[in-house]
Amino acid sequence: MSSLSEFQLLSVLAQEMNMRKAAERLFVSQPALSQRLQSIEKEWGTKLFLRSQKGLSLTPAGELIVNFVNDVLAKEEKVRESIQAFNSEVHGTLKIAVASIVGQNWLPQVLKKFVSKYPQAKISLITGWSSEILKALYEDQVHIGIIRGTPDWKGVKIHLFQDSLFLVDKEIQRPEQVLETDRPFIQFKSDSNYYQEIQDWWHRQFQTVPKRTIVVDQIETCKQMTFNGIGYAILPAITLNGAEQDIFKVPLLDEHNEPIKRDTWMLGYESAFQLKQVQAFVELIKEHIEEGN
């Protein structure tokens, strides 16, 4: 078995562990996919997947073969990138991992410009917490990562922008009013130092804990609950696009009475920044930031 399309088939099956979902991703019917899998298993002389009502599971032999297949596909991608680097046009896949808050609020405008300017290039996008972005970089799953906070990174590190933090509410206009309200402080989960920054500001400002809190798993949920008057929150400026109605935004200040801000960085290894699609993306980001300024 030497066809890369069959390698791709096995890889997708191993990712989905479901015949229907895999068939949809591969744009084939389930019977056709089943037939091709049987043919591949016949060539290998062993069963690769076991079927059950819950879906698919890999056999020990299947695990070995899928690892081999994924290794071949990864090497094929690198070879294609190296070949395309000889061309003047921007081709290949731009693989990015981005902090969710950036992926939701800032990146779409940049990607729209990139897709329009470089129609031959493809985009693979992962979003998540900053720790997950760093993991994807360390494991060579992506070319570049965009994270929040101050990263401990030894490779290429490009500062993108800063944005301030605000106490956001439909009623509170001054920080000290927090102590007078019985409405909850709405917080969102984060694995970065964002949570610690907020805790430090809160204790420095009030020397006490919030009367009531609600913790949600997504910043967008936190934002919508705040905009609907359920409680108050601390949100970065990147999430506030100016369209919000009847919302007060009180800037958070540090011990020197300076605005507290969050940094956003782009990271990657030197080798990745030599790829044409990455270089094109970096230049486009710089242009986008300059236009914004």
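A quick note: this is a predicted structure, and the numbers were derived from the prediction, not measured.

J.: For this particular structure, what's the right way to read the side chain of Asp 169?
T.: In this structure, Asp 169 sits in strand E6 (residues 156-169). The buried category is assigned to Asp 169, whose relative accessible area is 0%. Within the local environment of Asp 169, its side chain forms a polar contact with the backbone nitrogen of Ile 172, the two atoms lying 2.8 Å apart. At 2.6 Å, the side chain of Asp 169 forms a polar contact with the side chain of Arg 183.

J.: Teacher, can you tell me more about the environment of Met 225 here?
T.: With respect to the helices and strands, the residue Met 225 is situated in helix H9 (residues 219-227). Each C-alpha atom of the pair Met 225 and Asp 169 lies 10.0 Å from the other, and the pair is 56 residues apart in sequence. Those residues in contact with Met 225 that lie beyond four places of it in its chain are Ile 186, Ile 214, Val 216, Ile 230 and Gly 231.

J.: Help me out: how do you make sense of the packing of helix H1 (residues 4-16) against helix H3 (residues 30-44) in this one?
T.: The geometry of a pair of packed helices is captured by two quantities: the angle between their axes and the separation between those axes. Contact pair H1 / H3: the axes reach a minimum separation of 11 Å and the direction vectors enclose 110 degrees. One element, H1, and the other, H3, form an angle in the roughly perpendicular class. Taking contact as the criterion, the partners of Ser 5, Glu 6, Leu 9, Leu 10 and Leu 13 in H1 are, on H3, Leu 33, Arg 36, Leu 37, Ile 40 and Glu 43. For the contact of H1 with H3, the per-class residue count stands at six nonpolar, one polar and three charged.

Rules of the game
- Residues numbered from 1 in each chain as written.
- Predicted model: local features only at pLDDT ≥ 70, side-chain atom pairs only at ≥ 80, totals over all residues.
- Heavy atoms only, no water.
- Helix = DSSP H or I, 4+ residues; strand = E, 2+ residues; numbered from the N terminus.
- Buried < 20%, exposed > 50% of the residue type's maximum accessible area, 1.4 Å probe, protein only.
- Polar contact = N/O pair within 3.5 Å; in protein donor to acceptor, adjacent residues only side chain to side chain.
- Contact = heavy atoms within 4.5 Å.
- Axes fitted to C-alpha atoms, helices over the stretch in contact; angles between N-to-C directions.
- Parallel < 35°, antiparallel > 145°, perpendicular 65-115°, else oblique.
- Nonpolar A, V, L, I, M, F, W, Y, C, P; charged D, E, K, R; others polar.

Honestly, it's all geometry; don't read function into it.
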